[in-house]
Structure formats: structure tokens, C-alpha cells
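Take a look at the letters that make up each chain.
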Amino acid sequence: MKIKSLEISSFRGIRRDIRIDIESSKSVLIYGDNGSGKSSIADAFEWFYYDKIEHLSTEEIGTKGVSALRNIFLPDSDDAYATLNCSDSKCDSRKKLFYKKSKLTSEHSNTSQDFKDYLNASLRENLILRYKDLSRFILYTKAQKLEEISQIIGFSEVSKIKGVLKKAVNDLKKELKIKNYDNYINIKQAQIIEQIGQNIIDDEQYLNAIKELVVPLNLLIEIKDDASIDRILEFLKKPEDTEAIAQQLSYEKVIENLNCFTASSNSGCSSYKAFYEKCQQIARDQEKLKKINLEPLLSQGLSILEKKLYEDDKCPLCLEDKSREELIDELRKRLEELAIVKKEKDAAIEDKNTTHRIIQGALTEIETALKEKCLLLEENTAIRKEIEQIKETTSTALEKIKKASLAELELINKPEDFISLDIPAIQTIISALAAKKEKIITGKKDDLTFTAYSKISSVRQSYNEIKFMKKASEILTQQQQSMELIYNEFVKKQREGLCSFLESISKDINDLYLFMNASENVSEIELVPLDEDDEFVGITLQFKFHGQPESPPHKYLSESHLNCLGICLFLASVKAFNKFNRFIVLDDVISSFDINHRARFARLLIEKFSDYQIILFTHERDWFEIVLNMVKGKNWLIKKMRWDHDTGASIEEPLTDIKAKIEAKLENSDSSELGNMIRKYLERLLKNVCLNLEVKVRFLFNEHNENRMANELLSELRGKLKDRKCELKDQAVFERLNASLFLGNRTSHDSTFSESIDDLKMFYADVLELERLSKCSKCNNFISKKHYDAVGNLMQCSCGNLKFTWKK
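The rules behind the values
- Residues numbered from 1 in each chain as written.
- Predicted model: local features only at pLDDT ≥ 70, side-chain atom pairs only at ≥ 80, totals over all residues.
- Heavy atoms only, no water.
- Helix = DSSP H or I, 4+ residues; strand = E, 2+ residues; numbered from the N terminus.
- Rg over C-alpha atoms; globule rule 2.2 N^0.38 Å.
- Buried < 20%, exposed > 50% of the residue type's maximum accessible area, 1.4 Å probe, protein only.
- Contact = heavy atoms within 4.5 Å.
- Areas by Shrake-Rupley, 256 points an atom, 1.4 Å probe, with all protein chains shown as cover.
- Salt bridge = Lys/Arg side-chain N within 4 Å of Asp/Glu carboxyl O.
- pLDDT = per-residue confidence, 0-100.
- Arc of directions from axis to C-beta.
- Pairing = 2+ DSSP bridges.
- Axes fitted to C-alpha atoms, helices over the stretch in contact; angles between N-to-C directions.
- Disulfide = S-S within 2.5 Å.
- Core = buried A, V, L, I, M, F, W, Y, C linked by side-chain atoms within 4.5 Å.
- Patch = residues over 30% accessible without salt bridge, like charges linked within 9 Å, V, L, I, M, F, W, Y side chains within 5 Å.
- Lys, Arg positive; Asp, Glu negative; His and termini not counted.
- Charge placed at Lys NZ, Arg CZ, Asp CG, Glu CD.
- Parallel < 35°, antiparallel > 145°, perpendicular 65-115°, else oblique.
- Left-handed = near helix turned anticlockwise from the far one by under 90°.
- Phe/Tyr/Trp six-rings, centres within 6.5 Å; stacked < 30°, edge-to-face > 60°.
- Expected span 1.5 Å × (residues − 1).
- Polar contact = N/O pair within 3.5 Å; in protein donor to acceptor, adjacent residues only side chain to side chain.

S.K.: What is the right way to read the overall build of the protein chain from this model?
M.R.: Counting its secondary structure elements, the protein chain contains 24 helices and 17 strands. Compactness check: the protein chain gives a C-alpha radius of gyration of 43 Å against a globular reference of 28 Å for 808 residues, more than 25% above the reference. Taken along the three principal axes of its C-alpha coordinates, the protein chain extends 145 × 55 × 45 Å. The burial tally for the protein chain puts 45% of its 808 residues in the buried class. Put simply, of all contacts in the protein chain between residues at least 6 apart along the chain, 68% involve residues at least 24 apart. Entry remark: accessible area of the protein chain is about 41400 Å², with carbon and sulfur atoms responsible for 49%.

This is the structure we're talking about:
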């Protein structure tokens, strides 16, 4: 996609409409002094595609900089707009900025899905480069470089997916740890061993064990599955045994809860110990921990400095002298240090949360035990109180872990003070409960039916719970393993993709840089990913300097070379990412280049980016001349911008266009703005004459500004003609122009003077006479020093038809 025409109105410094028609998708070179409105055009491009102006986006102006876009002289009822017509008319649109219910808003005239898709695709492309953007990436920290590259190539979305996968893997690991299935299964196996004197690992052993239990009863029921075991239990069930069986199972449940509680509390203590040790590491540098609170402030400060919203070479807080670059470097280092501390803090908080969940699980075991009916018996009041004490101790530990704060280390107890459980006392309680259960069984030891029913019920419940937990554990383990496989493969592909991309773009960066700096001692520039614990933590720029690998670039490269490297990064990214648009806007990007690098950069654009439409803005005359000479005959459009109080920014019209307008007005006796147009034509004519004759116009400060320019040019030109004894000096037209310039000046500015059409005709006739005397009607070129005849001391046009004496 290339640009066919651009039209902007009432936008930033552009007060009246300006339009640039770019036939045949030419590249464009636009020259203008500082403040002439060039950046307003670049801003219009940026706003059209990205819906914001990055360098205007501040807290005061707003996140999109919209309130600064309208020309300040534009009434609220009128609209500002930017219109782009493209090589594919489906993407033509006028974007309007207007007030709607007292709020600035914008809308595109093109609402088609094709255009929306095009805009969305353009958001991922690099279309505009300004000088202030150049060093930003180079001076970024390694993490910021990774983030920037990630944003550009869409890698950030990949990283988000990776983060989700990693979290899923960690959550599954944590879940397995908190569930503690192995301990629970061991407790259940212990209960089975207690009942039948052996372990059970599969259904066959389970069914055989049940068969053994019913042998003394000589039952005719075949035991082949759970349904048959249910029939046996139903057959053995006696109403008078119901209460005893219920109590036996209740005691077993409490014993199981207490054993599970013990296992969970041990696991919780281990987790708490890990949390405590991490806290101690962090506590060694408590100041850093406190400084984490400064992270938002430091990040905001860095953003302000990078956007050049504060440019003084002193610290804005302490006012000590310090360069802006030093401040930026220092802030980046401090933020990197804080990132490490924050990572340690996050790991400690993760252990805290895990401890909390485990202790909460242990407390649930105790609370479940206290609901069992056997503990409601009067004979077990003492045991119940002891278990309630365990609950209280556990609740206290839970409150401690809730309150534990890295910001208040005094709230973090030592591991031995975290939970004060009397483990032997718990074992004594378990033994007492086991004895009570055993007493029930012993009382019925001669009742084979009761014994069989009791053991079968207990074994069946334990074995089924073991099967359930094994299944749950197996599912979680398989999920974890599958997720780890997916994660590892994802990381592998991610690494391959990033490395492949970095290798490709590094080659382009290196080639472009060496094109502009062929004879210098920098080579093998590349973007290199940085790892830490198998994680990408950043990207660095490294290169060989005098054959030795070095990094980062600003360690040895000058501002000019960093500027050059920034341009190469941008252009390499254009080649890599711009899939839809084949144009780029470069707004004053070579300020720090010397003359040689400017020439090389111009050649690079012409040779390496000839298939792109380049829209190049500059306020530097020598750079403009370099490009102008290089692009002659290469289908470039050349434009000049100027700014004045009346019209704001405007693009200079070709002389032929102004001339045609003047003559049309004269023919129609239309005097409106005619004096101003003739003055402009005369000024442009005098500039061309002075340029070709190398007439230097000295600067004169003049309070009556409207009397400058043409008068000064005319005065200096006459002085030069007199100095060179050129016969032109005697032409009466100079005196007449001196007088008639009054018309041009007065009619160009606020004035009560009323000119007549006859006055203006005379003024224009004088201008044409000067043109006839200085510009050849045959070759259409001005007399110029380029065609100076040193033998005859003649100044002449290119064909020699027009010539005058020009003494040295």
C-alpha cells in the first residue's frame, strides 16, 4: 500500500488546508524551517493510523494527546481532519476530529470491514520514525528490549500463553503437594492392615481378602465385585449391631482425621520453614524491600525522562547536577535491582500462600473429626477438649500465616513458634480412640457375623477411598506431566522462533549499519537473547569493536553512531514486519550525522529502499540539498513548507501555479488577495535570482516585519550588480519595484489601504520585467554563476542566450 494523496486541515500548526498529490506513488522530500509545520504532517500520519500521538501523550495532555491536535484558531464548531487516499481505494478515508457533546472525538469516513482490517494490520507495522525515537531502543534495559521486540513481533502474546502454561504446571504441582495423596493413602493402608493384617494393592487382593473374612460364615454368595460385597453386608447386617458398627466407624474416622491432620501439619511446617528462610534472605536487605514501593515512582520518572518531558541536566528531586542520560541509566539499574527483589518477594509470598492452604486443610481435618458422633459421647469429653485445643492451636497458626507480612518482619514467627503442637499428645489421643474402638470389637469378638461385618465395612471403605485417591492423584499427575510436556515443547518452539527471528533481523541491522559505516571498526551487530533459569529475561545488542565482542552499544559508540544504529533497527524492522504498507515517514532523523553519513544514508534509502515510498522531512538545508541532488531523475516529489502568521503552515506552490492564478485574477479584475500573490511571486523570483548570482542577504532586525524580505533581497541584489558592474543595475525596473512593493506589503497584511486593479497590474508588469531580465526565454533558466564565462567576464544562462557583464 502506498499513498496517493494527503490532505490535512486545521491540524496542529496547519491552519488552512494543505494537500500533497503524489502521482505514481513517488517518494517525497519535504523541506522547511523549524516550526514550518513538517511535524504536523508526521503527526497527522501517526494519528490517522495509531489514533494517538506518542510524543504528545502525557498525563497533562491525555493518554492520546488528542486535545493538542486541533489548530488553536479553529472554532469549536468546525472540524479538523486528515485524508489519505491510497493505491488501493478501499483504504481511502478521511479521519475527522470534532467536538461531540463537548468532548473531542474522532471518526473515519470509511467504515468498511476492509478498511478496519487494514488499520488493524497497520498497527503492527512500523511506519513513522522520529529523531527522538532513535536512541530509545538502544538505551533500553535488556528486559525492556525483550518487551519492545516482543510487542513488535507479537511475541508478547506468545509469552502470555507461556505464562499461562507455566502457571498451570505450577498450580498442578502445588495441588499435588497440598492434596498430599501419598500420606492419605498410607493412612488408609494402615487401617486395612489393622483389620486384616495385610496390605491391599489391587482388586484381586481386595476380593480375596473379603472372601477370607466370610469363610467362617459359609455363605453361598459369590464375591466378585462391590455389588456382591454390598449383598453380603446387607445379609450380615443386624439391627442390634448397628450402633456398635457406627461407633466403630466413627472412631476410625476420627483416628483417620487425626493422622491426616498430623501429616498436613508436618507438611505445613515444612512449607512455613521455606517461607521463613526466604523472608530471612529478603530481610538482610530490608531497604531494598522498602524500595519496591518506589517502583511506580521510578517507572514514572523513567517514562518522563525518556519522553523528554524533563530535559534539565539535574535531578528533579535533589537538584544535583546530573545529565539526563545518567539519570536514565541510574533509574534503569535501580528498576532492574528492584525486579530481582520483587521476584524473591513473590517466591516468598507463594510459599506463604501454600502454607496457608495446607494449614487450612489440616484445620478442616480437625473440624471434621469434632463432628463425629463418638466425640459427642460423655465418656469422650476429655478427648474432645484435647482435640478442640488442637483446633485452637491450628487456628492460631492460620492467623499467624495470614498476618505474616514482608513489610513487617516482626509478624513473621520463627518456624518453632509458628505452631506449637504436642505430637506425642496427639498420638496418645489416637491410641485412646483406638482402644475404645478395639473395646467395641473385643466385646463382640465371639460374634463372627459382627466381626465379619465390621472388618468388611472398614476394609471396603478404606480400599474404595484409596482407589478414589489413587485415581485423583493419577489424573492430577498425568495432567501435570502432559502440561509439562506441552510447556517444554512450547518453550522449545518459542526459543527457536525468537532465535530465528533475531538472527534474521540482526543480519539486516548489520548489513544496513555497515553500508553507512563501511570503513569503521564495528562489525557483527546482533540482537542476542538472554536466559536465566531457562527463561528469556531480556535481549541485548552486541557487536564486535576492533574484533572484540562488546555490549551494550552505547559503551563505545558515539551519539552519531547510536543514531545510525537506531535508524538501522527501524529500517530492519520495516523490512521484517511491514507486510501491507510500502511507505515510511522519516521526520528529521539525521540531526547528529556529519556530512559523510548524511550522504551515505541518502544513498542507502535510494539503493536499499527503492521499492518503498519514502516521505522524508527535514529542516536542514545541506541534507535537503544532498537528497535533492541524489534523487534527480528518480521520480521523487520535492516540496517546501513555510509558516506565516496569516495562513499557518503551508506548502509552497510552484511558481507556474502562482503565475496562472495571478493572471486569471487580472483577467477577471479580481483584486482579492492579488497583491499578496504578486508579492509572493516576486519574493520567489528574487530568491531564485539571488541564489543563482550568489547574493548574500544579511540579517536585519526590523520592527516592521512586513517591509522585509523582498526589499532586502532587492537591495542586496542591486548592490551586487553595482559591485560587479553589471549593466542590469541601471534598469529602471528596480526603482519601480521599490515603489510598487508598497502595494504588496500593505495588501498582504492588515491594512486600511485600498489598492486598485490598475495599481496591481503595474506592480505585476514590473515583476515580469525583472523575470524577463534574469530568466532566459529560450532555455527557461536563470542567469547563474554556474554558467559564468570567466574569459568574457559574463554571467549567463545555461544556453548563453541571456548574458550580462560580471566583473570580478
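S.K.: What am I meant to see in the pattern of salt bridges here?
M.R.: Any two side chains of opposite charge can pair if their charged atoms end up close together. Going through the model one piece at a time under the given rule, you end up with 47 salt bridges. D230 is the partner of R460 in a salt bridge, and the nearest nitrogen-oxygen pair spans 2.0 Å. Residue R460 is found in helix α16 (residues 448–516), and its partner D230 is found in helix α8 (residues 226–236); the two are separated by 230 residues along the sequence. Note on R460: relative accessible area 24%, which makes it partly exposed. Given the relative accessible area of 37%, D230 is considered partly exposed. In this structure, the salt-bridge partner of R736 is E769, at a minimum N-O distance of 2.5 Å. Here R736 is found in helix α23 (residues 733–748), whereas its partner E769 is found in helix α24 (residues 757–774), with 33 residues between them in sequence. Residue R736 is classed as partly exposed on the basis of its relative accessible area of 33%. One network of salt bridges, with partners in common, ties together E7, R19, D21 and R94.

S.K.: Help me understand the confidence of the model for the protein chain in this model?
M.R.: It should be kept in mind that the predicted coordinates are not to be read in detail where pLDDT is low. Per-residue confidence for the protein chain gives a mean pLDDT of 84, with 93% of residues at or over 70. Residue range residues 703–707 is modelled with pLDDT below 50. Its contacts to residues more than four positions away, or to other chains, number five contacts.

S.K.: For this particular structure, what's the right way to read helix α19 (residues 621–630)?
M.R.: Residues spaced three or four apart along an α-helix face the same direction, because each turn holds 3.6 residues. All of the buried residues in α19 are W623, F624, I626 and V627. Looking straight down α19, one finds its buried side chains confined to an arc of 160°; they lie on one side. On the buried face of α19, the contacting elements are β3 (27–32), α18 (595–608), β12 (613–618) and β13 (636–644).

S.K.: Is there a simple way to think about the sheet that holds strand β15 (residues 784–789) in this case?
M.R.: Sheet strands pair via backbone hydrogen bonds, and the direction of the pair is either parallel or antiparallel. Strand order in this open sheet of three strands is β15-β16-β17, and the pairing throughout is antiparallel. If you trace the sheet from one side to the other, it starts and ends with β15 and β17 (803–805), each paired once. The mean inter-strand angle of the sheet, taken between neighbouring strand axes irrespective of direction, is 35°.

S.K.: Explain the state of the cysteines here, please?
M.R.: In protein structure, a disulfide is the covalent linkage between the sulfur atoms of two cysteines. This model, assessed by the stated rule, comprises zero disulfides. Lacking any disulfide linkage, C799 is separated from the closest cysteine sulfur, that of C797, by 3.5 Å. Here C799 falls in the partly exposed class, since its relative accessible area comes to 39%.

S.K.: Would you take a moment to explain the sheet that holds strand β2 (residues 18–21) for this structure?
M.R.: As summarised here, the arrangement of the five strands in space is β2-β1-β4-β5-β6, forming an open sheet in which the pairing is antiparallel. On the outer flanks of this sheet lie β2 and β6 (103–108), each paired with one strand and no other. The mean inter-strand angle of the sheet, taken between neighbouring strand axes irrespective of direction, is 10°. Both strand β4 (residues 80–86) and strand β5 (residues 93–100) contribute to a ladder of five bridges, which runs antiparallel. If you follow Y81 over to β5, its bridge partner there is K96.

S.K.: What should I look at first to understand the nonpolar core in this one?
M.R.: The nonpolar side chains of soluble globular proteins are, as a tendency, buried together. Counting residues in each nonpolar core, the largest one holds 52 residues, and the members touching the most others are I387, L433 and I456. Broken down by element, the residue count for this core peaks at 10 residues, all from α16. Dropping the residues within four chain positions of it, I456 is found in contact with I210, L213, V214, I229, I232, L233 and L236. Counting 51 residues, the second-largest nonpolar core is a separate cluster that includes L562, C568, L586 and F609.

S.K.: How do you make sense of a negative patch on the surface when you look at a structure like this?
M.R.: Side chains of D312, D313, E320, D321, E326 and D329 sit close together on the surface and give a patch of like negative charge. Residue placement: E326 occurs in helix α12 (residues 324–370). A residue is classified by how much of its surface remains accessible, and E326, at 45% relative accessible area, is partly exposed.

S.K.: Where do I start with unusual backbone geometry in this structure?
M.R.: Trans peptide bonds make up the majority, and among non-glycine residues the majority have a negative phi. Even without being glycine, H546 reaches a positive phi, approximately 55°. Looking at where H546 falls in the secondary structure, it is placed in the loop between β9 (535–545) and β10 (548–550). Phi is positive for K725, close to 55°, though the residue is something other than glycine. The class for K725 is exposed, based on a relative accessible area of 53%.

S.K.: Can you help me understand the pairing of β15 in this one?
M.R.: Both faces of the sheet carry side chains from a regular strand, because those side chains alternate between them. Pairing of β15 with strand β16 (residues 794–796), which is carried by two bridges, proceeds in the antiparallel orientation. The partner of S784 across the bridge, within β16, is Q796.

S.K.: What should I look at first to understand the packing of α16 against helix α17 (residues 559–577) in this one?
M.R.: To describe two helices that pack against each other, one gives the angle between their axes and the distance between the axes. With their axes 8 Å apart at the nearest point, α16 and α17 run at an angle of 130° to one another. The angle between the axes of α16 and α17 places the two elements in the oblique class. Here α16 runs over α17; the crossing is right-handed. Where α16 approaches α17, its residues F501, I505, D508, I509, L512, Y513 and M516 are matched on the opposing element by H561, C564, L565, I567, C568, L569, L571, A572, S573, K575, A576 and F577.

S.K.: Is there a simple way to explain the environment of E212 in this structure?
M.R.: In this fold, E212 is placed in helix α7 (residues 203–214). Classification of E212 by relative accessible area gives exposed; the value is 59%. Residues E212 and I201 lie 11 residues apart in sequence; the distance between their C-alpha atoms is 16 Å.

S.K.: Before we go on, may I ask you to explain the packing of aromatic side chains in this structure?
M.R.: Each aromatic ring pair is specified by the distance between its two centres and by the angle formed by the two planes. Per the counting criterion, the structure on display carries 17 aromatic pairs. Each ring, one from F48 and one from Y49, has its centre 5.2 Å from the other, and the planes form 65°; the classification is edge-to-face. Of the two residues, F48 and Y49, both sit in the buried class. Ring geometry for F601 and W623: centres 5.6 Å apart, planes at 10°, overall stacked.

S.K.: What's the story with helix α13 (residues 381–403) in this structure? I'm lost.
M.R.: In this model α13 runs 33 Å from its N-terminal to its C-terminal C-alpha over 23 residues, within 8% of the 33 Å that 1.5 Å per residue would give. Inspection of α13 places I383, I387, I390, T393, T394, A397, L398 and I401 among the buried residues, and these make up the whole buried set. In this structure, the buried side of α13 is in contact with α9 (242–283), α12, α14 (415–418) and α15 (423–443).

S.K.: Can you help me understand the side chain of S10 in this one?
M.R.: Locating S10 in the fold gives a position in the loop between β1 (3–9) and β2. When its relative accessible area of 6% is taken as the criterion, S10 is described as buried. Here S9 takes part through its side chain, which lies 3.4 Å from a polar atom of the side chain of S10. Setting aside its immediate chain neighbours within four residues, S10 contacts R15, L69, R70, N71, L74, D79 and A80.

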